[in-house]
Amino acid sequence: MSDRYSRQTLFTPIGEEGQQKIKQKHVLIIGAGALGTGNAEALVRAGVGKLTIVDRDYVEWSNLQRQQLYTEKDADARIPKAVAAQNRLSEINSDVEIEAHILDATPQELEQLVDGVDLILDATDNFDTRMMINDISQKYEVPWIYGACVSSYGISFTVIPGETPCLNCLLESVPLGGLTCDTAGIISPTVQMVVAYQTAEALKILVEDWDALRKKLVSFDLWSNQQTAINVSKAKKDNCLSCGAEPTYPHLSYENQTKTAVLCGRDSVQIRPPERQERNLDEVAERLSAQGGTIEQNPFLLSFSKGEQRIVLFKDGRALIHGTKDIAEAKSLYHRYLG
Ligand SMILES: [Zn+2]
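One structure accompanies this document, and this report is about it. (Residues numbered from 1 in each chain as written. Predicted model: local features only at pLDDT ≥ 70, side-chain atom pairs only at ≥ 80, totals over all residues. Heavy atoms only, no water.)

Some remarks on the overall build of the protein
Of regular secondary structure, the protein possesses 11 helices and 14 strands. Taken against the 2.2 N^0.38 rule, which gives 20 Å for 339 residues, the C-alpha radius of gyration of the protein at 20 Å falls within 12% of a compact globule. For the protein, long-range pairs separated by at least 24 residues make up 64% of all intrachain contacts whose partners lie at least 6 apart in sequence. On the protein, roughly 15,600 Å² of surface is accessible, and the fraction owed to carbon and sulfur atoms is 48%. On the protein, the mean spot of the 35 positive side-chain charges and the mean spot of the 46 negative ones are 2 Å from each other. (Helix = DSSP H or I, 4+ residues; strand = E, 2+ residues; numbered from the N terminus. Rg over C-alpha atoms; globule rule 2.2 N^0.38 Å. Contact = heavy atoms within 4.5 Å. Areas by Shrake-Rupley, 256 points an atom, 1.4 Å probe, with all protein chains shown as cover. Lys, Arg positive; Asp, Glu negative; His and termini not counted. Charge placed at Lys NZ, Arg CZ, Asp CG, Glu CD.)

So, the side chain of Asp221
Examined against the element boundaries, Asp221 turns out to sit in strand β7 (residues 216–221). One buried charged residue, Asp221, remains without a salt bridge, the closest side chain of opposite sign being Arg66 at 16 Å. A polar side-chain atom of Asp221 sits 3.1 Å from the main-chain amide nitrogen of Ser224. Aside from chain neighbours lying at most four places away, what touches Asp221 is Ser152, Tyr153 and Gln226. (Buried < 20%, exposed > 50% of the residue type's maximum accessible area, 1.4 Å probe, protein only. Salt bridge = Lys/Arg side-chain N within 4 Å of Asp/Glu carboxyl O. Polar contact = N/O pair within 3.5 Å; in protein donor to acceptor, adjacent residues only side chain to side chain.)

A short note on the coordination of the zinc ion
Those protein atoms acting as donors to the zinc ion are Cys166 (SG), Cys169 (SG), Cys240 (SG) and Cys243 (SG), and they sit at 2.2 to 2.3 Å. In this structure, the zinc ion is coordinated by four donor atoms arranged in tetrahedral fashion, with angles at the metal of 97 to 123°. (Donors = N, O, S within 2.8 Å, 3.2 Å for Na, K, Ca; no water. Tetrahedral: all angles 85-135°; square planar, octahedral: opposite > 155°, others 65-115°.)

Considerations on the sheet that holds strand β1 (residues 26–30)
Across the sheet, eight strands lie side by side as β3-β2-β1-β4-β5-β6-β7-β8; this open sheet has mixed pairing. Strands at the two margins of the open sheet, each flanked by one partner only, are β3 (97–102) and β8 (226–231). Taking each pair of neighbouring strands and ignoring which way they run, the sheet shows an average axis angle of 15°. Inspection of the sheet shows strand β2 (residues 50–55) paired to β3 by six bridges, in the parallel sense. Across the sheet, residue Asp55 finds its bridge partner in β3, namely Ile102. Helix-sheet contacts for helix α9 (residues 188–206) involve β1, β4 (119–122), β5 (144–150), β6 (153–159), β7 and β8, and the interaxial angle to β5 is about 175°. (Pairing = 2+ DSSP bridges. Axes fitted to C-alpha atoms, helices over the stretch in contact; angles between N-to-C directions.)

Some words on the pattern of salt bridges
Summed over the entire model, instances satisfying the criterion amount to 17 salt bridges. In this structure, the salt-bridge partner of Glu99 is Lys50, at a minimum N-O distance of 2.8 Å. Highlighted residues: Glu99 in strand β3 and Lys50 in strand β2, separated in sequence by 49 residues. By relative accessible area, Glu99 is classed as partly exposed at 27%. Here Arg272 and Asp104 are joined by a salt bridge, their closest N and O atoms 2.9 Å apart. Highlighted residues: Arg272 in the loop between β10 (268–271) and α10 (281–288) and Asp104 in the loop between β3 and α6 (107–113), separated in sequence by 168 residues. Owing to a relative accessible area of 11%, Asp104 belongs among the buried residues under this scheme.

Remarks on the packing of aromatic side chains
Counted by the stated rule, this structure contains four aromatic pairs. A ring pair is formed by Tyr58 and Phe314, whose centres lie 6.4 Å apart and whose planes are at 45°; its orientation type is tilted. One end of the pair, Tyr58, is in the loop between β2 and α4 (72–76); the other, Phe314, is in strand β13 (residues 309–314), with 256 residues separating them in the sequence. We classify Tyr58 as buried; its relative accessible area is 1%. Above the face of the Phe314 ring, Arg318 is positioned so that its terminal group lies 4.3 Å from the ring centre. (Phe/Tyr/Trp six-rings, centres within 6.5 Å; stacked < 30°, edge-to-face > 60°. Lys NZ or Arg CZ within 6 Å of the ring centre and 35° of its normal.)

So, the sheet that holds strand β12 (residues 301–306)
Taken in spatial order, the six strands of this open sheet run β9-β10-β14-β13-β12-β11, and their pairing is antiparallel. Only two strands of the sheet have a single neighbouring strand rather than two, namely β9 (260–262) and β11 (294–297). Geometrically, the sheet is characterised by an average inter-axis angle of 15° between neighbouring strands, direction not taken into account. As paired elements, β12 and β13 share six bridges and run antiparallel to each other. Paired with Lys306 across the bridge in β13 is Gln309. With respect to the sheet, α10 is in contact with β11, β12 and β13, its orientation differing from that of β12 by roughly 15°. Sheet contacts for helix α11 (residues 327–337): β9, β10, β12, β13 and β14 (319–322); angle to β10, the most-contacted strand, approximately 55°.

Some details on α11
Every buried residue of α11 is accounted for by Ala330, Leu333, Tyr334 and Tyr337. Buried residues of α11 fall within an arc of 100° about the axis and therefore sit on the same side. For α11, the exposed residues lying more than 90 degrees away from the buried face are Ala328, His335 and Arg336. Looking at the buried side of α11, the elements it contacts are β10, α10, β12, β13 and β14. Of the residues flanking the start of α11, the one acting as N-cap is Asp326, its side-chain oxygen 3.0 Å from the backbone nitrogen of Ala328. (Arc of directions from axis to C-beta.)

The analysis is restricted to geometry; functional conclusions fall outside its scope.
This is the structure we're talking about:
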């Protein structure tokens, strides 16, 4: 146990002192997909004090190619990613306190989760959540590290409130690839590269080596062998509604919350009830059993398949409707079977 971090403390910019700082820090990771599992594993191995990981989805077979914490067992049992990640991370380093939440975080939930957090890592697959993280970061003065990837292309930027431009500033001046939902597929080295950029910056922040931060927007394409680092310091806007002189944090307002969303790169729609609910999955299963179709259940969710469609209901009332991208059709299925 005692030499667990020896190679890391031998690294001069961290040292024993830096290691102690890492141990005192709390990191919040939003998303436990490819970027989330990579970042989480790196930070847990590095000995961060506490890690909170949030994800709205469950493990599927198509995740195993690049989401490094998950196994075939997790996919077979449709274990929520937050839970599967927590289980695996605890095995990797039992000294780290790991908190897991199965949810599609709303602004209100994010405002609670950020309490006591030293750093937020973006590992989401959608732009709405990223803009919420950006506002939360500014409002609570917590740094965050943006990361996104698609196919062989990746991008990352570290946002330090009060110093760097925020994501909202960048949107107006820099063409940000990798932001849109894409069905182009992805190769795992793209993920690993973004994770490397994010965790390197994370370690610098955790040991408070602020001067070492990259300060540039980095992007790359591993297949076409391109690499760029853009100085974006001039992109910071005084009138930015997220980080400017009179911020309103527009992405934390209730009106901006997406209640229904087509999931990135999948034939799936997520439906979230207006109020958080506590659903009794056994009761729902019993009711659905009269409908024909196949019902599978684990302690966290219920899956109901009939014909081409599959509905997955989480305990908080959220549902994923698979087999459609049509929001109206998804809503009608939700009401027919779960409403
Ligand atoms: Zn800004």
